[in-house]
Amino acid sequence: MAAKKITTPLTDDVVRSLRAGDAVEITGALYQARDAAHKRLVALIEAGEEVPFDLQGAVVYYMGPSPAKPGNVIGSAGPTTSGRMDAYAPLLMRHGLKGMIGKGLRTAEVKQAMRDEVAVYFAATGGAGALLARRIVGNEVIAYPELGAEAVARLEVVDFPAIVVNDCHGGDLYEEGRGAYARDV
Amino acid sequence: MGAIREVDVAEVTAAVKDLCITTNYDLPADVYDALKAAQETEESPVGREVLAQLVENADIAAADRVPICQDTGFAVIFAEVGQDVHLTGGDFEAAIHEGVRRGYGDGYLRKSVAEEPAHARRNTTDNTPAIIHTSIVPGDKVTLTLMAKGGGAENMSSLSMLKPSQGWAGIADAVVDTVSRAGSNPCPPVIIGVGIGGTIEMVTLLAKKALLRDVGSTHPDPRIAAMEDELLERVNALGIGPQGLGGRTTALDVFIEEMPCHIASMPMAVNVQCHAQRHKTVTL
């Protein structure tokens, strides 16, 4: 399956062109954020304050890397379970977030917000952190360095491989893929 | 009784440090071979692509000496101490914690342990404390097994206090239900450890110890081996597949450990393990 090449920030047109099951290769900036960072980002928005990066068209990568060895851009860098960010994701989408990269199931509320706000959820391969790190060419912590692996970083990626799980049209690869291969025993 | 053998706990620290690093860089051969074999049998093109990525990832991690997965886990240590061993030079458990501290520091491993879980959730910054399970065994050796247990799969695990009347059917349904509900979350293909019997704390330990077996190994008790085969077939019929994207390879293996239980009880636990099944044993 040939991968679609896309660049960030994402536009509504690009998001609308993506369908569940599409393989993509992403180039541009991704914002690394997981549990503790999301809690802080949402608190800022709720307090009417600025978040530390431009959310318009942004793609967030649910990931907390291992420490970079000397000379390396980043340590291993695969996705974490997205469901822990479900409580925060709809608000971020309402403020411009267009893409999320992680692994695992999303709630009905998150999937509805993706339809309402025109956003997309990608899965990267969980447990392939050494391989995925090779597609990350830049790494700058931009907020909350005290959180260590949970800090917010701006990552530059080239041809970062992912697959569309939930599109903005209601497509859901986790449901469709499972349905296609389930069988009775 | 044999002569008492002295083991300096500094040796324990050095061994644990080495285990932390090598366990996180080198995928065990049994898991690696199982992922390669699954590429041949997986029917889903996306599933085959995921399996190919996982094999390549293991190759990169081993060659570059970097972690297989950024979640380098909570360090779970199973220590078997021979009863003819005299541990010298300091506190045994402190020596294990120190080994974890050095391994996760020097090995560029992620520190993934938070204290005050209900409130502050402050990172302890050195991946301690380790979880230590010590047993006293015959002999004059110290055997240390490290399991680097990631959070994503651990979160999908389950404990059930079933009624004895529910029998094997109830246990089997609970295992399949746990894997089904977990879906894509625990990074399938998974390995399933099942504990049956004992008490509430023992059944979860049985499930975890079950995960120490080699993928593809057959339980020595043919009755339990048949139970494992049945569960593997049912789990792989769910269609979840590699990374939950659809396919036949939802689990690489299912392992069961059981022990007697109270006449009123039927405890069972499922410990879910991701494909990055990192564990290693060393004997001092």
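Residues take numbers from 1 onward in each chain, read along the sequence in its written order. Think of it this way: whatever chain is written first is A, whatever ligand is written first is 1, and the rest follow in order. Given that this is a predicted model, residues contribute local features only at a pLDDT of at least 70 and side-chain atom pairs are listed and counted only at 80 or more, while totals for whole chains, interfaces and linings are drawn from all residues. Side-chain measures were taken over the full set of non-hydrogen atoms in the model, leaving aside hydrogen atoms and water.

A look at the overall build of chain A
To keep it simple, the criterion reads: In this text, helices come from DSSP runs of H or I with a minimum length of four residues, and strands from runs of E with a minimum of two, each type numbered from the N-terminal end. Within these notes, the globule rule equals 2.2 Å times the number of residues to the 0.38 power, and the radius of gyration is based on C-alpha atoms. Exposed residues in this analysis have more than 50% of their type's maximum accessible area, buried residues have under 20%, and partly exposed residues fall in between, with area computed by a 1.4 Å probe over protein chains only. Any two residues whose heavy atoms approach within 4.5 Å at even a single point are treated as in contact.
If you tally the helices and strands in chain A, you get six helices and seven strands. Against the globule reference of 16 Å for 185 residues, chain A gives a C-alpha radius of gyration of 16 Å, in line with a compact fold. Judged by the C-alpha coordinates and their principal axes, chain A covers about 50 × 40 × 35 Å. In chain A, which comprises 185 residues, the proportion classed as buried is 58%. Taking all contacts inside chain A whose residues are at least 6 apart in sequence as the whole, residues at least 24 apart take part in 63%.

Some remarks on the interface of chain B and chain A
Think of interface size as the accessible area that goes away when the parts come together; that is how it is often given. To keep things clear, this is the line we draw: Accessible-area loss on putting two parts together, using a 1.4 Å probe and summing over both, is the definition of buried area adopted here. What counts as a salt bridge is simple: a side-chain nitrogen of Lys or Arg found within 4 Å of a carboxyl oxygen of Asp or Glu. Any N or O atom pair separated by 3.5 Å or less is treated as a polar contact, with the protein-specific requirement of one donor-capable and one acceptor-capable atom, and with residues adjacent in sequence counted only for side-chain atom pairs. Any residue that is not Ala, Val, Leu, Ile, Met, Phe, Trp, Tyr, Cys, Pro, Asp, Glu, Lys or Arg is counted as polar, Gly included; the first ten are nonpolar and the last four charged.
Each side of the interface is counted separately: chain B has 45 residues, and chain A has 39 residues. Together, the buried faces of chain B and chain A total about 3,400 Å²; carbon and sulfur atoms form 56% of this surface. In this structure, the connection of chain B to chain A is made through one salt bridge. Of the charged contacts in the structure, one is a salt bridge between Asp64 of chain B and Arg134 of chain A, with a shortest N-O distance of 3.0 Å. Counting the contacts that link chain B with chain A gives 21 residue pairs in polar contact (both at pLDDT 80 or more). At the level of elements, α3 (45–64), α6 (167–182) and α8 (222–236) of chain B are the ones that each hand at least two residues to the side of chain B that touches chain A. Looking at the side of chain B that touches chain A residue by residue, the class counts come to 19 nonpolar, 16 polar and ten charged.

Some words on unusual backbone geometry
Cis geometry is adopted by the peptide bond preceding Pro9 of chain A, which originates at Thr8 of chain A and carries an omega value of 0°. Tracing the chain through its elements places Pro9 of chain A in the loop between β1 (4–7) and α1 (12–17). Thr128 of chain B connects to Pro129 of chain B through a cis peptide bond whose omega is 0°. Among the structural elements, Pro129 of chain B can be located in the loop between β5 (122–123) and β6 (131–137). In the Ramachandran plot, Glu116 of chain B falls in the positive-phi region, its phi being about 50° despite a non-glycine side chain. One can find Glu116 of chain B in the loop between β4 (114–115) and β5.

Concerning the layout of surface pockets
As a reminder, the rule being used: Space inside and on the surface of the protein is sampled on a 1 Å grid over the protein atoms alone, with a cavity defined as a set of points where a 1.4 Å probe fits but cannot get out and a pocket as an open set with protein on both sides within 12 Å along at least 5 of 7 lines; lining residues have an atom within 4 Å of a point. Grid points are joined across faces, edges and corners, and a volume is the space filled by probe spheres set on the points.
For the second largest pocket, the calculated volume is near 490 Å³. The wall of the second largest pocket is formed by 23 residues, among which Ala23, Pro161 and Ala162 of chain A together with Glu49 and Gln53 of chain B lie closest to the centre. Looking at the lining of the second largest pocket, the elements that each hand over two or more residues are β2 (23–32), α5 (129–133) and β7 (152–166) of chain A together with α3 of chain B. Top element by residues in the lining of the second largest pocket is α3 of chain B. It accounts for seven residues. Of the residues in the lining of the second largest pocket, the class split is 16 nonpolar, three polar and four charged.

Thoughts on the nonpolar core
This is how it is decided: Take the buried residues of types Ala, Val, Leu, Ile, Met, Phe, Trp, Tyr and Cys, join any two whose side-chain atoms come within 4.5 Å, and each joined set is a nonpolar core. The start and end points of each domain follow an automatic or database-based domain assignment.
One finds Ile26, Met93, Met100, Ile101, Phe122 and Phe160 of chain A together with Ile192 of chain B to be the most contacted residues of the largest nonpolar core, which totals 119 residues. A per-element tally of this core places β7 of chain A first, with nine residues. The residue makeup of this core includes at least three contributed by each of domain 1 (5–24 + 68–149) and domain 2 (152–278) of chain B. Look past the residues within four positions of Met93 of chain A in its chain and what remains in contact with it is Met100, Val110, Ala113, Met114, Glu117 and Ala119 of chain A.

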